[in-house]
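Residue-level structural notes
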Amino acid sequence: MLKLPVAKIHEFMLTVLQEIGVPAEDAEICAEVLIASDLSGIQSHGIGRLKMYYDRIRAGIQNPITKIDVIRDNMATAVWDGNHGMGQVIGKRAMQTAIDKAAKYGLGAVSVRNSTHYGICGFYADMATQQNMIGLTFTNARPSVCPTNGVQPLLGTNPICFGAPTSLGYPFIYDAATSISQRGKIEQLGREQKETPAGWAIDLEGKPHTQTNQLLQDLVKQTASLLPIGGSDEMTGSHKGYGLSTMVEILCAALCGGSFMNMLLGRDADGKPAPYALGHFFMAINIEFFTDIESFKKVSTAICQELQNSRKIPGKDRIYVAGEKEYLMQQKVKAEGVPIIPNLQKAIQTMQDELGLNLIDFS
């Protein structure tokens, strides 16, 4: 597998984004969020996602220039309309606004409608932890997940993200879809030409769907569904993932008057491509309004360390806490580079050919 230096990947993404009309300052934000994913080993949301944004902008269903309308702005809260601009730009500005409000009022929250895919949630939660705050963010997504006892894809993978500062050298950051697998991981399996594990997805008969490339097509056609955390049965906790996903849908649509479920299919009434109109929710909690930061970190660190040092299953030599693997991966990727599999090389080369670039020479 080819590995490219982080700086080279960053330069490529920055150049491509500017070539397709994203202003330089905004392109830097987008590249920053994308490279954060690659550094963390989350290949589904880094350079692997660039072609999706590229295609959507060129198709006219995502705006390269981000114009944010402030619908409401009160003391600790705000509601924004992203006008289908760059999700990373909207996300970073919204989280910073939540942090600024929390600095003054103890809590800050921003709800956003008409946005686009904004990358990994953990980036925004980490913005808060770097300011010694707790950060939370949620986003809805195009329908791909069925409810418990159902087979129709209605909910998005709707991730939940929570970040808190510690004294471990890295923050505790939980960032996970409310489905067994995120859609991006299925797309990554497709690029790797691998089957989808049984138990992740079902067809309209409720049978396991493991043919990855066909599954990706069927998700678009709404003839297959990803399963919520807990699988397809209440006995294994399916209702828990389903309930959490619905909670995210409410937070990201009802608070801001945004779109939800089948309204997020990316098609207009005539079935033609249209903006996805995603909704996000951001919150920052100022720890100093509750307790001093050192006391908080002492407890958050003790919780993590007690878990890490607890008794292990035979054959397992380590217990991780959320955010730890990503921290370790960052050191590795910085040293070794970003892995670029053959199908991703093709996508990169396609963008280079169409834009007349030669930043990466695969020969």
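As a starting point, this report considers the structure included with it. (Residues numbered from 1 in each chain as written. Predicted model: local features only at pLDDT ≥ 70, side-chain atom pairs only at ≥ 80, totals over all residues. Heavy atoms only, no water.)

Counting secondary structure elements, the chain contains eleven helices and eleven strands. Relative to a compact globule of 363 residues, whose C-alpha radius of gyration would be 21 Å, the chain shows 20 Å and is just as compact. Its C-alpha atoms put the chain at 55 × 50 × 45 Å along the principal axes. For the chain, buried positions account for 52% of its 363 residues. Surface exposure of the chain reaches about 16600 Å², of which carbon and sulfur atoms provide 54%. Once the 33 positive and 36 negative side-chain charges of the chain are each reduced to a mean point, those two points are 2 Å apart. (Helix = DSSP H or I, 4+ residues; strand = E, 2+ residues; numbered from the N terminus. Rg over C-alpha atoms; globule rule 2.2 N^0.38 Å. Buried < 20%, exposed > 50% of the residue type's maximum accessible area, 1.4 Å probe, protein only. Areas by Shrake-Rupley, 256 points an atom, 1.4 Å probe, with all protein chains shown as cover. Lys, Arg positive; Asp, Glu negative; His and termini not counted. Charge placed at Lys NZ, Arg CZ, Asp CG, Glu CD.)

Counting 35 residues, the largest nonpolar core has Ile9, Phe12, Met13, Val16, Ile47, Leu50 and Ile340 as its most contacted members. Sorting the residues of this core by element identifies α1 (6-19), α2 (24-39), α3 (47-59), β11 (338-340) and α11 (342-355) as the ones contributing at least two each. When residues no more than four places from it in sequence are discounted, the contact partners of Phe12 are Ile47, Leu50, Ile348, Met351, Gln352, Leu359 and Ile360. In this structure, Ile99, Ala102, Phe123 and Tyr124 belong to the second largest nonpolar core, which totals 25 residues. (Core = buried A, V, L, I, M, F, W, Y, C linked by side-chain atoms within 4.5 Å. Contact = heavy atoms within 4.5 Å.)

All right, on to the pairing of strand β10 (residues 278-286) then. Buried residues dominate β10, accounting for eight of its nine residues. Here strand β4 (residues 107-115) runs beside β10; their pairing, made up of seven bridges, is antiparallel. By the bridge assignment, Val112 is partnered in β10 with His280. Here strand β5 (residues 133-139) runs beside β10; their pairing, made up of seven bridges, is antiparallel. Looking at the pairing, Gly135 lines up with Ala284 of β10. (Pairing = 2+ DSSP bridges.)

Next up on the list: the sheet that holds strand β6 (residues 160-164). With mixed pairing, the seven strands of this open sheet are ordered in space as β2-β3-β4-β10-β5-β6-β7. Whereas interior strands pair on both sides, the edge strands pair on one side only; in this sheet they are β2 (69-73) and β7 (172-176). Between one strand axis and the next, the sheet turns by 10 degrees as a mean value, whatever way the strands run. Packing of helix α4 (residues 87-105) onto the sheet brings it into contact with β2, β3 (77-81), β4, β5 and β10, and relative to β4 it is tilted by some 160 degrees. (Axes fitted to C-alpha atoms, helices over the stretch in contact; angles between N-to-C directions.)

For α1, built from 14 residues, the straight-helix expectation of 20 Å at 1.5 Å per residue is met to within 8% by its first-to-last C-alpha distance of 20 Å. Within α1 the residues assigned to the buried category are Val6, Ile9, His10, Phe12, Met13, Leu14, Val16 and Leu17. Contacts made by the buried residues of α1 are with β1 (2-4), α2, α3, α10 (324-336), β11 and α11. Positive backbone phi, approximately 105 degrees, marks Gly21, located one or two places after α1. (Expected span 1.5 Å × (residues − 1).)

So, on to the environment of Arg142. Examined against the element boundaries, Arg142 turns out to sit in the loop between β5 and β6. Sequence separation of Arg142 and Ile20 is 122 residues, and the distance between their C-alpha atoms is 24 Å. In this view, Arg142 contacts Arg49, Arg56, Leu155, Gly156, Arg183, Glu187, Leu264, Tyr276 and Leu278; residues no more than four positions away in its chain are not counted. A polar contact of 3.3 Å, which involves the side chain of Arg142, links it to the side chain of Glu187. (Polar contact = N/O pair within 3.5 Å; in protein donor to acceptor, adjacent residues only side chain to side chain.)

Across all of its chains, the model carries 14 salt bridges by this definition. The residue Glu187 makes a salt bridge to Arg49 at a minimum N-O spacing of 3.3 Å. Here Arg49 lies in helix α3 and Glu187 lies in helix α6 (residues 183-191), a separation of 138 residues in the sequence. A single burial state applies to Glu187 and to Arg49, both of which are buried. Its salt-bridge partner being Lys101, residue Asp73 comes within 2.9 Å of it at the nearest N-O pair. (Salt bridge = Lys/Arg side-chain N within 4 Å of Asp/Glu carboxyl O.)

That's the geometry; what it means functionally is another story.
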